[in-house]
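Residue-level structure breakdown
Take a look at the letters that make up each chain.
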Amino acid sequence: MGAQLRVYRRRIRSVQATKKITKAMELIASSRIVKAQQAVDAALPYAVNLLRSIGLAAAHTPTINHPLLATEPTVEGEQRAAILLITADRGLAGAYSANAIKAADRLAENLRGKDIESAPFLVGRKAVSFYSFRERHVEQSWTGFSDAPTYEKAKEIADALIKAFTTDDNKGGVDEIHIVYTHFVNRVVQEVRVRRILPLQVVDIALDTSQQHITGGEDKGGSAVLPLYDFEPGVNAVLDDLLPRFVAHLVYTALLMSAASEHAARQRAMKSATDNAEELIKTLVRQANQARQAEITQEISEIVGGADALASATA
């Protein structure tokens, strides 16, 4: 066997091994998409009822004074905005993390144009590595659960955001909180979305729609007539308990959506890699056959030439 043929066959074996890995990762990601979708669907009934409860409490009081609700904007002093950026812990997911990071950079640039300083809160090793490599300041980061988020982690993140929001600006607090995540539409389409989650607005909280837990309250449609209730010990006490839960659910839903999008992006990336490996194997097999045919032709030519030389010598 010639050296060139050995090189081709070695490359074919290497690509075949890579193809097995990418195919396995494609199947794993495909199965995890289903679980992620089921997690999103399971969280929806809780979101609808939680939103309805907050709407009932907010609708039955003329004035609400709560630190998580929208107030008149302040013009004195420098304003700060927290940006919760959700990316992946692992790679091999195409441009999933890169698109979210770009959206967060665009948001930070827009905030700078309004003289608002951004304070990054990061989820996922990809975002942490990006900011660390560029030596950017990070308020807080979380890693290790991007592909399988839990409510406990979401509550931990929400508590950190609420603490920053309720802290005085002079002590490192923020005036508003934005979240950058990838919204899962279907297996083919995933969209990077930017939502403001704090401060909340009463007019948006009172709406009873199935999309409020994802969008953070952008639908301006009319609200239904609400029944009369008495709240004990009071509306403010009820909101003190429900509003942090609502913020935690916003974060949890964004994490679930991002996890489903990550699996979908990885499934597509691994399918593309598998298809490319198949095409490369076909090309290498063709080149190996050509090299083998060239070797056979050369060997035949050498045999015929040797026979002719031997016949000429003995004539």
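Right above here is the structure, for reference.
Cut-offs used in this document
- Residues numbered from 1 in each chain as written.
- Predicted model: local features only at pLDDT ≥ 70, side-chain atom pairs only at ≥ 80, totals over all residues.
- Heavy atoms only, no water.
- Helix = DSSP H or I, 4+ residues; strand = E, 2+ residues; numbered from the N terminus.
- Buried < 20%, exposed > 50% of the residue type's maximum accessible area, 1.4 Å probe, protein only.
- Contact = heavy atoms within 4.5 Å.
- Core = buried A, V, L, I, M, F, W, Y, C linked by side-chain atoms within 4.5 Å.
- Arc of directions from axis to C-beta.
- Pairing = 2+ DSSP bridges.
- Axes fitted to C-alpha atoms, helices over the stretch in contact; angles between N-to-C directions.
- Salt bridge = Lys/Arg side-chain N within 4 Å of Asp/Glu carboxyl O.
- Patch = residues over 30% accessible without salt bridge, like charges linked within 9 Å, V, L, I, M, F, W, Y side chains within 5 Å.
- Areas by Shrake-Rupley, 256 points an atom, 1.4 Å probe, with all protein chains shown as cover.
- Lys, Arg positive; Asp, Glu negative; His and termini not counted.
- Charge placed at Lys NZ, Arg CZ, Asp CG, Glu CD.

1. Observations regarding the overall build of the protein chain
- Within the protein chain, the secondary structure is distributed over 7 helices and 5 strands.
- Moving toward the C terminus, one meets the helices and strands of the protein chain in the order α-β-α-β-α-β-α-β-β-α-α-α.
- For the protein chain, buried positions account for 41% of its 315 residues.
- Considering only residue pairs separated by 6 or more positions, the protein chain has 75% of its internal contacts joining residues 24 or more positions apart.

2. Quick notes on the nonpolar core
- The biggest cluster of nonpolar side chains holds 50 residues, and the ones touching the most others in it are Leu84, Ile157, Ile197, Leu198 and Val251.
- Those elements giving two or more residues to this core turn out to be helix 1 (3-59), strand 1 (79-86), strand 2 (116-123), helix 4 (151-166), strand 4 (176-184), strand 5 (190-198) and helix 7 (235-314).
- Looking at which element gives the most residues to this core, the answer is helix 7, with 16 residues.
- Listed in part, the 16 residues of the second largest apolar core include Ala81, Ala103, Ala104 and Leu111.

3. Some remarks on the environment of Tyr46
- One can find Tyr46 in helix 1.
- Residue classification places Tyr46 among the partly exposed residues on the basis of a relative accessible area of 36%.
- Considered as a pair, Tyr46 and His249 are 203 residues apart in the sequence and their alpha carbons are 8.9 Å apart.

4. Things to note about helix 3 (residues 125-133)
- The set of residues buried in helix 3 consists of Ala127, Phe130 and Tyr131. In a view along the axis of helix 3, the buried residues occupy a sector of 90 degrees, so they form one face of it. Within helix 3, the exposed residues directed more than 90 degrees away from the buried face are Ser132 and Phe133.
- If you follow the buried residues of helix 3, they end up packed against strand 1, helix 2 (96-113) and strand 2.
- One or two positions beyond helix 3, positive phi appears at Glu135, with a value near 55 degrees.

5. Considerations on the environment of Ile83
- Inspection of the secondary structure puts Ile83 in strand 1.
- As a C-alpha pair, Ile83 and Pro120 span 37 residues in sequence and 4.9 Å in three-dimensional space.
- Dropping the residues within four chain positions of it, Ile83 is found in contact with Ala104, Leu107, Ala108, Leu111, Ser118, Ala119, Pro120, Phe121, His178 and Val180.

6. Some remarks on the sheet that holds strand 4
- Strand order in this open sheet of 5 strands is 3-2-1-4-5, and the pairing throughout is mixed. Strands at the two margins of the open sheet, each flanked by one partner only, are strand 3 (140-142) and strand 5. Averaged over all adjacent pairs, the angle separating strand axes in this sheet is 25 degrees, with direction ignored.
- Here strand 1 runs beside strand 4; their pairing, made up of 5 bridges, is parallel.

7. Section: the pattern of salt bridges
- Applying the stated rule across the entire model yields 13 salt bridges.
- Of the charged contacts in the structure, one is a salt bridge between Arg136 and Asp105, with a shortest N-O distance of 3.0 Å. Here Arg136 is found in the loop between helix 3 and strand 3, whereas its partner Asp105 is found in helix 2, with 31 residues between them in sequence.
- The shortest N-O distance in the salt bridge between Arg193 and Glu191 comes to 3.1 Å.

8. With respect to a positive patch on the surface
- A cluster of basic residues, Arg6, Arg9, Arg10, Arg13 and Arg292, forms a positive patch on the protein surface.
- For the positive patch, the leading source of residues is helix 1, giving 4 residues.

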